[in-house]
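Understanding the architecture of this molecule
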Amino acid sequence: MQARATLLDDDTSIRQHEGSLAPRRVGPPSVFGRASKGGCRTAGFGRGSLLLEATEFRGGSVTFCKWSPKHRVARSTSVRRETHTLGLDPYGNMPYRSSMARGSAISRLEARLPANVHKILKRAAEIQGRTLTDFVVAAAHEAACRTIEEAELVRLSIDDQRRIANAILRPPAPASALKRAFRRRRALLRNA
Amino acid sequence: MKPPFLVELLGAHDREGFSCGTESLDTYFRSQVTQDVRRHVTNCFVAVDADTRIVAGFFTIAAASIPTPDLPGAVTKKLPRYPSLPAIRVGRLAVDSRFRGRGLGGALLADAAARGIASEVAAYAMLVDAKDEAAVAFYEHHGFQRLASQPRSLFLVLATAAKALGEPGPRRT
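A brief report on the enclosed structure follows. (Residues numbered from 1 in each chain as written. Chains lettered and ligands numbered in written order. Predicted model: local features only at pLDDT ≥ 70, side-chain atom pairs only at ≥ 80, totals over all residues.)

1. Structural notes on the overall build of chain B
Within chain B one finds 5 helices and 7 strands. Put simply, chain B has 173 residues, and 39% of those count as buried. Intrachain contacts of chain B at a sequence separation of at least 6 include 62% that bridge at least 24 residues. (Helix = DSSP H or I, 4+ residues; strand = E, 2+ residues; numbered from the N terminus. Buried ≥ 20, exposed ≤ 12 C-beta atoms within 10 Å, placed from the backbone. Contact = placed C-beta atoms within 7 Å.)

So, in structure tokens, the structure goes:
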């Protein structure tokens, strides 16, 4: 795909990552060859600006191309890169990008993994039209959030739910051992 | 007599010497609990011997929530919050073997409940996780009820504990 980087997406994360390069929104991008809509994410504008990623809407589907984060825009540019069909989020951002803490520091994670697992991950990423990193980061993040949430959630059977609800509505009298425990608390724990 | 123990948030306490006899609890307290605290998975309180600063016992306490999607509207309408009940969870509670037989375990359990009652974040129930049948018996003795769907977990509503908290006890000296 060839695309011309003329759109500057206002993205606070870029501003903070890049420090001195202040992004501005300047209008829709144009894409060579076809009348289409899309966007490029760059830091800075014009010659020498940092081109991060670009999207292109072609024939109803969204095409995404990713440049090396180090790629600079040369002139008002055309750049050739591999393309993927991609599910972007409603704001046209990379799906994992919105889940990343915006503006926070970027960390790196290196992982050794069996070759066959790597193959499966790559295949899955291809199916979703994402890069391997995007796919892994998004999937791991989702799994982590779910794990944390699950740890707090206590899923109970209908019966247990009913028992707790009834006990809250009509609290039973405390067992005598519990009363003793509270007395011991006062006797043993100084700042109780 | 002054109460012999202080309850403190886990900080720079000596955790190495702690031994309650249950290997998994000891290991957890020695090597894992600080990580959980740092990651805000749980909080940990310790009972410290006021004279020697030896850790005599500890408990971990965390926020929990009990979804009640299956309850009929007539019931949930009367409940404090819908669709899930805020609760506290005491994941681990242990007393060092050297400090057994004085009711410190019960005192720590009561302290955890008192923290749930006093907490600014409303909590209506207290959940505990029992390591083994002996622990289940300990909690049942204090009026906790087993959960059918989580056999090693028991609950007590904090309103019940509040009644016990309000009972007059011996005066502090």
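2. Some thoughts on the overall build of chain A
If you tally the helices and strands in chain A, you get 6 helices and 6 strands. In sequence order, chain A lays out its α and β elements as β-α-β-β-β-β-β-α-α-α-α-α. When the 192 residues of chain A are sorted by exposure, 30% land in the buried category. Of the contacts formed within chain A by residues at least 6 apart in sequence, a portion of 48% connects residues at least 24 apart.

3. Focus: helix H4 (residues 132-152) of chain A
Taking 1.5 Å as the rise per residue, H4(A) with 21 residues should run 30 Å; its terminal C-alpha atoms sit 31 Å apart, in good agreement. All buried positions along H4(A) are accounted for by Asp134(A), Phe135(A), Val136(A) and Ala138(A). (Expected span 1.5 Å × (residues − 1).)

4. Notes on the interface of chain B and chain A
By a widespread convention, an interface's size corresponds to the accessible area lost as its parts come together. Between chain B and chain A, the residue contacts involve 51 residues of the former and 38 residues of the latter. Put simply, the parts of the chain that give the side of chain B that touches chain A at least two residues each are strand E1 (5-9), strand E3 (55-67), helix H3 (104-118), strand E5 (125-129), strand E7 (153-157) and helix H5 (158-166) of chain B. If you tally residues by element for the side of chain B that touches chain A, the top one is H3(B), at 7 residues. Among the residues forming the side of chain B that touches chain A, the class breakdown is 32 nonpolar, 11 polar and 8 charged. (Nonpolar A, V, L, I, M, F, W, Y, C, P; charged D, E, K, R; others polar.)

5. A word on the pairing of E3(B)
Residues and elements named next belong to chain B. Sheet topology note: the strand E2 (residues 43-49)/E3 ladder contains 6 bridges and is antiparallel. Looking at E3, one finds that Val48 is bridged to Val55. Relative to strand E4 (residues 84-95), E3 runs antiparallel, the two being bridged by 10 bridges. Bridge pairing in E4 places Ala62 opposite Arg89. (Pairing = 2+ DSSP bridges.)

6. Some words on the nonpolar core
Residues Ala47(B), Ala87(B), Ala125(B), Met126(B) and Phe155(B) are the most contacted members of the largest nonpolar core, which totals 63 residues. Here the element with the most residues in this core is H3(B); it accounts for 8 residues. Excluding residues that lie within four positions of it along the chain, Ala47(B) makes contacts with Leu189(A), Phe5(B), Val7(B), Ala56(B), Gly57(B), Leu104(B) and Leu108(B). (Core = buried A, V, L, I, M, F, W, Y, C linked by C-beta atoms within 7 Å.)

7. Here we look at the packing of helix H3 (residues 115-127) of chain A against H4(A)
Residues and elements named next belong to chain A. Their axes nearest at 9 Å, the elements H3 and H4 cross at an angle of 95 degrees. Taken as axis vectors, H3 and H4 run roughly perpendicular relative to one another. Where H3 abuts H4, its residues Leu121, Lys122, Ala124 and Ala125 lie against Leu132, Phe135 and Val136. When the residues that make up the contact of H3 with H4 are grouped by side-chain class, the tally is 6 nonpolar, no polar and 1 charged. (Axes fitted to C-alpha atoms, helices over the stretch in contact; angles between N-to-C directions. Parallel < 35°, antiparallel > 145°, perpendicular 65-115°, else oblique.)

8. Re the sheet that holds E4(B)
Residues and elements named next belong to chain B. With respect to topology, 7 strands assemble into an open sheet ordered E1-E2-E3-E4-E5-E7-E6, the strand pairing being mixed. The sheet is open, and its two borders are formed by E1 and strand E6 (145-146), each paired with just one other strand. Note that E6 and E7 share 2 bridges and pair antiparallel. When the bridges of E7 are listed, Arg146 appears paired with Leu154. The strands touched by helix H1 (residues 23-38) are E2, E3 and E4; relative to E4, the strand with the most contacts, the crossing angle is about 135 degrees. Packed on one face of the sheet, H3 meets E1, E2, E3, E4 and E5 and runs near 40 degrees to E3.

9. A few points about the environment of Ala164(B)
With respect to the helices and strands, Ala164(B) occurs in helix H5. Classification of Ala164(B) as buried rests on a count of 27 C-beta atoms within 10 Å. It is 9.0 Å that separates the C-alpha atoms of Ala164(B) and Ala110(B), two residues lying 54 residues apart in sequence. When sequence neighbours within four positions are dropped, the list of residues in contact with Ala164(B) reads Pro174(A), Leu178(A), Lys179(A) and Phe182(A).

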